[in-house]
Amino acid sequence: LELSSSFDSVKQELNVVSRSIAYEYPESDDLVRVPFALGKWKVVPIKGSLKVEYFLQIDPGGSVPIWLLNLAMAEGPYTSLTNLRAELRRKHR
């Protein structure tokens with residue numbers, strides 16, 4: 001996975017991009033590799049809070065049921081950001 005980020009000081013906007021990258025590990029019958037993934041986050045401060053936009057495009061490889069993929073794509077980021085907010089609040093008390 002390759003991560004990059006940029007910050008626009010005029011717009012006060014943080015952009016983070018994650019991309020899958022080529023790897024040289026041998027294939028295995030016990031493991032399904034994700035052949036393609038692209039994630040983008042845009043974080044902007046709004047009235048003492050943060051607005052986070054998230055985009056994910058993925059080819060999970062293998063035979064993942066579409067309902068499971070959709071569930072993970074919808075709930076995964078929400079859960080992660082909710083946990084991050086709780087952790088930040090805990091550390092700033």
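In the block above lies the structure referred to throughout.
These numbers were taken from a predicted model, which means no experiment stands behind them.

Student: Tell me what's going on with the pairing of strand E4 (residues 49–59), and back it up with residues and numbers.
Tutor: Walk down a regular strand and you will see the side chains alternate between the two sheet faces. Where strand E3 (residues 36–46) lies against E4, 11 bridges are found, and the strand directions are antiparallel. Bridging from a neighbouring strand, Ala-37 pairs with Ile-58 of E4.

Student: Can you tell me about the environment of Gly-39, naming the residues and giving the values?
Tutor: Among the structural elements, Gly-39 can be located in strand E3. Along the backbone, Gly-39 and Trp-67 are 28 residues apart, and their C-alpha atoms lie at a distance of 19 Å. Contact partners of Gly-39, with chain neighbours within four places excluded, come to Val-16, Val-17, Ser-18, Phe-55 and Leu-56.

Student: Requested: an account of the side chain of Ser-18, with residues and values cited.
Tutor: Structurally, Ser-18 can be placed in strand E2 (residues 13–19). Look past the residues within four positions of Ser-18 in its chain and what remains in contact with it is Leu-1, Glu-2, Leu-3, Ala-37, Leu-38, Gly-39 and Trp-41.

Student: Which residues make up the pattern of salt bridges, and what are the values?
Tutor: Tallying each qualifying case throughout the model produces 4 salt bridges. A salt bridge links Glu-53 to Lys-42; the shortest N-O distance between them is 3.7 Å. Separated by 11 residues along the polypeptide, Glu-53 in strand E4 and Lys-42 in strand E3 bring together distant segments of the chain. Relative accessible area serves as the criterion here: at 34%, Glu-53 is assigned to the partly exposed category. Three or more residues joined by partner-sharing salt bridges are found here, namely Lys-42, Lys-51 and Glu-53.

Student: Lay out helix H1 (residues 66–91) in plain terms, naming residues and giving numbers.
Tutor: Taking 1.5 Å per residue, 26 residues should reach 38 Å; H1 reaches 37 Å between its end C-alpha atoms and fits that length. The largest bend along H1 reaches roughly 25° and is located at Glu-75, with the proline Pro-77 sitting one to four residues downstream.

Student: How would you sum up the layout of surface pockets? Please name residues and give values.
Tutor: The space that makes up the largest pocket amounts to roughly 420 Å³. Forming the boundary of the largest pocket are Val-43, Gly-48, Ser-49, Leu-50, Val-52, Tyr-78, Leu-81, Thr-82, Leu-84, Arg-85, Leu-88 and Arg-89. Mapped by element, the contributors of at least two residues to the lining of the largest pocket are E4 and H1. By residue class, the composition of the lining of the largest pocket is 7 nonpolar, 3 polar and 2 charged.

Calculation criteria
- Residues numbered from 1 in each chain as written.
- Predicted model: local features only at pLDDT ≥ 70, side-chain atom pairs only at ≥ 80, totals over all residues.
- Heavy atoms only, no water.
- Pairing = 2+ DSSP bridges.
- Helix = DSSP H or I, 4+ residues; strand = E, 2+ residues; numbered from the N terminus.
- Contact = heavy atoms within 4.5 Å.
- Salt bridge = Lys/Arg side-chain N within 4 Å of Asp/Glu carboxyl O.
- Buried < 20%, exposed > 50% of the residue type's maximum accessible area, 1.4 Å probe, protein only.
- Expected span 1.5 Å × (residues − 1).
- Bend = angle between axes of the 7 residues up to and from the residue.
- 1 Å grid on protein atoms, 1.4 Å probe; cavity = no way out; pocket = protein on both sides within 12 Å on 5 of 7 lines; lining within 4 Å.
- Points joined across faces, edges and corners; volume = space filled by probe spheres on them.
- Nonpolar A, V, L, I, M, F, W, Y, C, P; charged D, E, K, R; others polar.

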